[in-house]
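What follows is the residue order along each chain.
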Amino acid sequence: MRLGLNISFVLGGDDHLDHLRLVREAEALGFSVAWAAEAYGSDAATLLSWIAGQTSTIDLGAGVFQIPARTPAMTAMTAATLDKLSGGRFRLGLGVSGPQVSEGWHGVRFAQPLLRTREYVAIVNSALRRETVAFEGKYFTLPLPDGPGKALKLSIRPVRDHVPVYLAAVGPKNLELAGEIADGWLGILNDPSYLGEQLNHIRTGRGPDRGLDDFDVVASVPVVVGDDIEAGADPIRGYTALYIGGMGSREKNFYNALAVRMGYADEAKEIQDLYLAKKHREAMAAVPLGFIDSISLLGGKERIADKLTAYAEAGVTTLALTPFEPTVEQRIDTLRTVAAALELAGIGD
């Protein structure tokens, strides 16, 4: 199992310099990849390109580019450029986002996200193979049939013949799609004891002739180092309450549905009721300690080593860490502790 790093958005002040310090530390520790996210603030591509110019070995991943935010051709252009500028270190993570961001921010209808993703990835891969791109689907048609446009070929050549594509997937059908059309899966709220259920859906998508040997299972995991487990869980409460309670509407929240499938139906309903009533502190307090512990790395080096082993045995190939300590110095110490725990566990790649 390899280690990765999740870096947050650019929010203001000098936090982008903190992100760079963390990525450089992760690179020095031998981490395999740093993933950058986007929502409706800073974009991932700009941050990754800035970091690419100041690192040399660590891979850089979009975690994720929002499908409604860019045409598939624009995503192929961006991926090819980042792969070229980074010397072949770019990984393309894609996700449909959610109805509120897709329709409210990008003005793109959220209907049939699986079909849209399938068409989108097909066009991106065709462009990155430097084929002359012609596609006729329900959501994308290239070139348009009733105008002067013509089929074109990407003019820049990526460093690699294939830029790896990852899908951020939560629901069973989206997990199957990831197994079918992607090179890896970006998971969230990952409990090792539930990963087998999720990987079964991915195996279904890959079919009987393909296993998971060449498929990257990336679990995104919060981490707080310290002997007091309950105190370590507290900084993660806001994160979990947001996803379970406030990421989407009452009728359509994929993360809430995931918590239900994981066995927390009553708790998920309570968290969502409180969050949507704007009782955010109460929603945070309602997140069970056991749930936070199950999806996180909490404790000292030895306890973390045991949990790393559990993730590896469950099928995770890359564990992407999100340190929750308040200062960059503390987060750097956390990366070092987890790297030492991986060595202690003896499961590093």
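The structure under discussion appears in the preceding block.
Note that the structure is predicted; figures quoted are calculated from it, not measured. (Residues numbered from 1 in each chain as written. Predicted model: local features only at pLDDT ≥ 70, side-chain atom pairs only at ≥ 80, totals over all residues. Heavy atoms only, no water.)

**Q** Tell me about the packing of aromatic side chains, and please be specific about residues and values.
**A** Applying the stated criterion to the full structure yields 9 aromatic pairs. Judged by centre distance (5.1 Å) and plane angle (75 degrees), the ring pair of tryptophan 35 and tyrosine 166 falls under edge-to-face. One end of the pair, tryptophan 35, is in strand S2 (residues 33-36); the other, tyrosine 166, is in strand S10 (residues 165-168), with 131 residues separating them in the sequence. You'll find tryptophan 35 and tyrosine 166 in the same group, each marked buried. On the basis of an interplanar angle of 85 degrees and a centroid distance of 4.8 Å, the ring pair of tyrosine 243 and tyrosine 255 is categorised as edge-to-face. Of this pair, tyrosine 243 sits in helix H9 (residues 237-246) while tyrosine 255 sits in helix H10 (residues 254-261); the two residues are 12 residues apart in sequence, bridging distant segments of the chain. We note that tyrosine 243, like tyrosine 255, is buried. Just above the ring of tyrosine 139 sits the side chain of arginine 116; from NZ or CZ to the centre is 4.6 Å. (Phe/Tyr/Trp six-rings, centres within 6.5 Å; stacked < 30°, edge-to-face > 60°. Helix = DSSP H or I, 4+ residues; strand = E, 2+ residues; numbered from the N terminus. Buried < 20%, exposed > 50% of the residue type's maximum accessible area, 1.4 Å probe, protein only. Lys NZ or Arg CZ within 6 Å of the ring centre and 35° of its normal.)

**Q** Please give an account of the packing of helix H1 (residues 15-28) against helix H15 (residues 328-345) that cites residues and values.
**A** Where H1 meets H15, the closest approach of the two axes is 10 Å, and the angle between their N-to-C directions is 20 degrees. What the angle tells us is that H1 and H15 run roughly parallel. Pair H1 / H15 crosses with right-handed handedness. Residues Asp18, Arg21, Leu22, Glu25 and Ala26 of H1 lie in contact with H15, whose contacting residues are Val328, Glu329, Arg331, Ile332, Leu335 and Arg336. Considering only residue class, the contact of H1 with H15 consists of 5 nonpolar, no polar and 6 charged. (Axes fitted to C-alpha atoms, helices over the stretch in contact; angles between N-to-C directions. Parallel < 35°, antiparallel > 145°, perpendicular 65-115°, else oblique. Left-handed = near helix turned anticlockwise from the far one by under 90°. Contact = heavy atoms within 4.5 Å. Nonpolar A, V, L, I, M, F, W, Y, C, P; charged D, E, K, R; others polar.)

**Q** If you had to explain the pairing of strand S1 (residues 2-7) to someone new, which residues and values would you point to?
**A** Taken across its 6 residues, S1 has 5 buried, putting it largely inside the fold. Note that S1 and strand S14 (residues 318-323) share 4 bridges and pair parallel. When the bridges of S14 are listed, glycine 4 appears paired with alanine 320. One ladder, built from 4 bridges, connects S1 with S2; its direction is parallel. Bridged to glycine 4 within S2 is valine 33. (Pairing = 2+ DSSP bridges.)

**Q** Provide a residue-level description of the packing of H10 against helix H11 (residues 265-276), including the pertinent values.
**A** Running from N to C, H10 and H11 cross one another at 155 degrees; their axes reach a closest spacing of 7 Å. Overall, the two elements H10 and H11 adopt an arrangement that is roughly antiparallel. Of the two possible hands of crossing, H10 and H11 adopt the one that is right-handed. On H11, the residues that touch Asn256, Ala259 and Val260 of H10 are Ala265, Ala268 and Gln272. Residue classes in the contact of H10 with H11 are distributed as 4 nonpolar, 2 polar and no charged.

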